[in-house]
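Structural overview for review
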Amino acid sequence: MSVPFDEQTRARAAEIISRYPADRSRSALLPLLHLVQSEEGYVSPAGVEFCAEVLGINKAQVGAVATFYTMYKRRPTGDYLVSVCTNTMCDVLGGQKVFDTLSELLEVGHDQTTADGTITLEHAECLAACDYGPVMTVNYDFFDKVDPDVATGIVEELRAGKQPMPTRGARLCTLKEMSLQLAGFADPREGAVADGPAGDATLRGLRLAQEHGIAVRDFDPNTPIRSKDAGDKPAPPTTRPAAATSTTAPDVKAPDGKSPQVRTAETRSPDAATPVPDAPGTTSPVDGTPPAPDDAKAAEAAGVASNKPASDAKPAGDDGGARQANLEGSKEAEAEK
């Protein structure tokens, strides 16, 4: 039986819709689907109807989106969605074996839920964590470098009513609680988002950038993010000086008349004899007029004339004499056998 959507759900739906421009309210459909899933544990027909009602669209439009994304479940799902990556990298490292072990343990297959309604098991095509493979997630929180024994231990804890700590990220919550977060509402549990450090592989790029002094050009981490009161006004410009470039010429705005082809030609690595692209006083090439049809035909005729066919109607470069010598050599080899 579907759970009726109460006033709190309707108030949350109105809050979600208010995040978008009035003429773009349909953009709120994705978080609204997470919202109804947080109520029922899946997107039911009643949930589809609710979304269509609050957005003023039809149920077919809602259903088309709900069936496209795998994070929206179309039938009752357990409190804990266990997803095992079986894509190429994790599969090579043992992901399929992990899935098969859990499938046998739980007596369910892909996208099936245990009899007590606690756990739903599924294959995952990719969990975007190849550095930690094989990986599995529980309600989208990561457990890295798992093997059949580790995965079994995690699932046994879930069946016993416990919540094992993910390798990284926040502490576990139920699928309904996670869906509410995905709808854009903060986890109300104290310290819920403060647990679990980022993994070493995740931070490796940041550490290398810090070691070598690499930073995004003109990026100032102290630049404030626009507030709602600022409307569409751009954020205040930074006063940080621009990073040095490989040219001594000042930056000059490119002429609007340049085509992408011309700009590509100009920006190729110059040598000492090549003027710096866009340097003051430099004459930039301009787009020429495309060749007339007669010119194109003449060029084609010249190309054909320079590569006359041999007697067998193949290009002269295909040496008929060499081909004949090869054939005769093959016959002599066969005779010797």
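Computed from a prediction, not measured in an experiment: that's the story for all the values here. (Residues numbered from 1 in each chain as written. Predicted model: local features only at pLDDT ≥ 70, side-chain atom pairs only at ≥ 80, totals over all residues. Heavy atoms only, no water.)

**Brief notes about helix α6 (residues 95-106)**
Taking 1.5 Å per residue, twelve residues should reach 16 Å; α6 reaches 17 Å between its end C-alpha atoms and fits that length. By the burial criterion, the buried members of α6 are Gly95, Val98, Phe99, Leu102, Ser103 and Leu106. Across the axial projection of α6, the buried residues extend over an arc of 130°, all falling on one side. Facing away from the buried side of α6 by over 90 degrees, the exposed positions are Lys97 and Glu104. Buried residues along α6 sit against β1 (80-85), α5 (88-92), β3 (119-124), β4 (136-138) and α7 (148-159). Once α6 ends, the next one or two residues include Glu107, with phi positive near 60°. (Helix = DSSP H or I, 4+ residues; strand = E, 2+ residues; numbered from the N terminus. Expected span 1.5 Å × (residues − 1). Buried < 20%, exposed > 50% of the residue type's maximum accessible area, 1.4 Å probe, protein only. Arc of directions from axis to C-beta. Contact = heavy atoms within 4.5 Å.)

**Describing the layout of surface pockets**
Space inside the largest pocket adds up to approximately 300 Å³. In terms of lining, the largest pocket is formed by 20 residues, of which the most central are Thr70, Met71, Lys73, Glu122 and His123. When residues in the lining of the largest pocket are grouped by element, the largest group, four residues, is from β3. Here the lining of the largest pocket is composed, by residue class, of seven nonpolar, seven polar and six charged. (1 Å grid on protein atoms, 1.4 Å probe; cavity = no way out; pocket = protein on both sides within 12 Å on 5 of 7 lines; lining within 4 Å. Points joined across faces, edges and corners; volume = space filled by probe spheres on them. Nonpolar A, V, L, I, M, F, W, Y, C, P; charged D, E, K, R; others polar.)

**Remarks on the side chain of Asp187**
Inspection of the secondary structure puts Asp187 in the loop between α8 (175-182) and α9 (200-211). One polar contact links Asp187 to Gln181, side chain to side chain, over a distance of 3.1 Å. With near-sequence residues (within four places) excluded, Asp187 lies in contact with Gln181 and Ala192. (Polar contact = N/O pair within 3.5 Å; in protein donor to acceptor, adjacent residues only side chain to side chain.)

**Some thoughts on the nonpolar core**
Within the largest apolar cluster, 23 residues are counted, with the highest numbers of intra-cluster contacts made by Leu32, Leu33, Leu35 and Val62. Those elements that provide at least two residues to this core are α1 (7-18), α2 (29-40), α3 (45-55) and α4 (59-66). Ignoring anything within four residues of it in the chain, the contact list for Leu32 reads Ala13, Ile16, Ile17, Cys51, Val54 and Leu55. Core analysis: the next-biggest nonpolar cluster, separate from the first, contains 19 residues, Leu102, Val108, Ile119 and Val146 among them. (Core = buried A, V, L, I, M, F, W, Y, C linked by side-chain atoms within 4.5 Å.)

**Details of the packing of α1 against α3**
Contact geometry of α1 with α3 gives a least axis separation of 11 Å together with a crossing angle of 55°. In terms of their interaxial angle, α1 and α3 are classed as oblique. Crossing hand, α1 versus α3: right-handed. In contact with Thr9, Arg10, Ala13 and Ile17 of α1, α3 contributes Phe50, Glu53, Val54 and Leu55. A per-class count over the contact of α1 with α3 returns five nonpolar, one polar and two charged. (Axes fitted to C-alpha atoms, helices over the stretch in contact; angles between N-to-C directions. Parallel < 35°, antiparallel > 145°, perpendicular 65-115°, else oblique. Left-handed = near helix turned anticlockwise from the far one by under 90°.)

**Observations concerning α7**
Spanning twelve residues, α7 covers 16 Å between terminal C-alpha atoms, matching the ideal 16 Å at 1.5 Å per step. Listed in full, the buried residues belonging to α7 are Pro148, Ala151, Ile154, Val155 and Leu158. Considered in projection along α7, the buried side chains sweep an arc of 130° and stay on one side of the axis. For α7, the elements touching its buried residues are β1, α6, β3, β4 and β5 (141-143).

**Quick notes on the pairing of β1**
Here β1 lies mainly inside the structure; six of its six residues are buried. Neither face of β1 is left uncovered, since the one carrying Tyr80, Val82 and Val84 and the one carrying Leu81, Ser83 and Cys85 both have all their residues buried. In this sheet, β3 lies alongside β1 in parallel orientation, the contact comprising six bridges. By the bridge assignment, Tyr80 is partnered in β3 with Ile119. (Pairing = 2+ DSSP bridges.)

**What to know about the sheet that holds strand β2 (residues 112-113)**
Within a sheet, adjacent strands bond to each other through the backbone by hydrogen bonds, running parallel or antiparallel. Strand order across the open sheet formed by five strands is β2-β3-β1-β4-β5, with mixed pairing between neighbours. The outermost strands of the open sheet, each flanked by one partner alone, are β2 and β5. Looking at chain direction, β2 and β3 are connected through two bridges and run antiparallel. Residue pairing in the sheet places Thr113 in a bridge with Thr120 of β3. The strands touched by α6 within the sheet are β1, β3 and β4, with β3 carrying the most contacts at an inclination of about 155°. Docked against the sheet, α7 engages β1, β3, β4 and β5, running at close to 10° with respect to β4.

**Section: the confidence of the model for the protein chain**
Across the protein chain, the average pLDDT comes to 79, with 67% of residues at 70 or higher. For residues 237-249, every residue scores under 50 in pLDDT, and the model assigns this stretch 16 contacts once sequence neighbours within four places are set aside. Long-range and interchain partners of residues 314-318, a stretch whose pLDDT sits below 50, account for ten contacts in this model, where long-range means more than four residues apart. (pLDDT = per-residue confidence, 0-100.)

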